[in-house]
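# An overview of the molecular structure
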Amino acid sequence: MAIKEPSIVASPNRGLALTAGGLLALWGFLGFFLAADGDPGFFSRHGGMLWNAFGVNPAMSLLWVMLAVVLLITGLGTTIGARNGNLLVGIVLVVMAVYGFVLGETSANVFALTFADNLFHAIVGAVLLLTALGADKENIRAIRGAARTVEA
């Protein structure tokens, strides 16, 4: 007997992973192709501006694309995988927010972070973490219960 995964609509973690993954992918690709002012170095402190608010350089764009890949792959997979992907990416984004708030005005700001970047990372990271830790408890309990029944 196969274990039925909740649909993307029925699983908050899967839906959020796909939504946040799509957003990060869009911003990452726009950062690569549209926001580079001249030829910023990979870790330039003063990269381009995306929508006149978000500082981007190739390193920041690459990070956004890599996080988007994690979210999109896990969002298309299982509920437990999506929860783990949301947890991982949420932690990375919260760490990036703290990094930006603490080191944003120093030479250690190798991601060209602005206040808007830091706020974006903090909000999206917190939403991902809260969803990973609080949503889908019933779905995951049912999946694990069905897996134990199949194994027995």
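Residues numbered from 1 in each chain as written. Predicted model: local features only at pLDDT ≥ 70, side-chain atom pairs only at ≥ 80, totals over all residues. Heavy atoms only, no water.

## Considering the nonpolar core
Applicable threshold: To define a nonpolar core, start from buried Ala, Val, Leu, Ile, Met, Phe, Trp, Tyr and Cys residues and group those joined through side-chain atoms within 4.5 Å. Each residue's exposure class comes from its accessible area (1.4 Å probe, protein chains only) as a fraction of the maximum for that residue type: buried when under 20%, exposed when over 50%, partly exposed otherwise. Secondary structure is summarised from DSSP: a helix means a run of H or I of at least four residues, a strand means a run of E of at least two, and numbering begins at the N terminus for each. We call two residues contacting when some pair of their heavy atoms lies within 4.5 Å.
Core analysis: the biggest nonpolar cluster contains 26 residues, and L24, W64 and L128 have the highest contact counts within it. Elements with a contribution of two residues or more to this core: α1 (12-33), β2 (54-56), α2 (58-76), α3 (79-103) and α4 (115-134). With residues up to four places along the chain from it excluded, the contact list for L24 reads W64, L67, A68, L71, V89 and F120.

## Comments concerning α2
Working note: α-helix, 3.6 residues per turn, so residues spaced by three or four point in the same direction. Put simply, the rule is: Given the number of residues in a helix, its expected span is that number minus one, multiplied by 1.5 Å.
In this model α2 runs 27 Å from its N-terminal to its C-terminal C-alpha over 19 residues, within 8% of the 27 Å that 1.5 Å per residue would give. Buried residues of α2: A59, M60, S61, L63, W64, V65, L67, A68, L71, T74 and G75, and no others.

## Brief notes about the packing of aromatic side chains
When we look at a pair of aromatic rings, we describe it by the centre distance and by the angle of the planes. Operational definition: A pair of aromatic rings is counted whenever rings of Phe, Tyr or Trp (Trp by its six-membered ring) have centres within 6.5 Å, and the orientation is called stacked for planes under 30 degrees apart, edge-to-face for over 60 and tilted otherwise.
Per the stated rule, a full pass over the model turns up 5 aromatic pairs. Ring centres of W27 and W64 lie 5.9 Å apart, and the angle between their planes is 65°; this geometry places the pair in the edge-to-face category. Highlighted residues: W27 in helix α1 and W64 in helix α2, separated in sequence by 37 residues. W64 matches W27 in its accessibility class, with the two residues each being buried.

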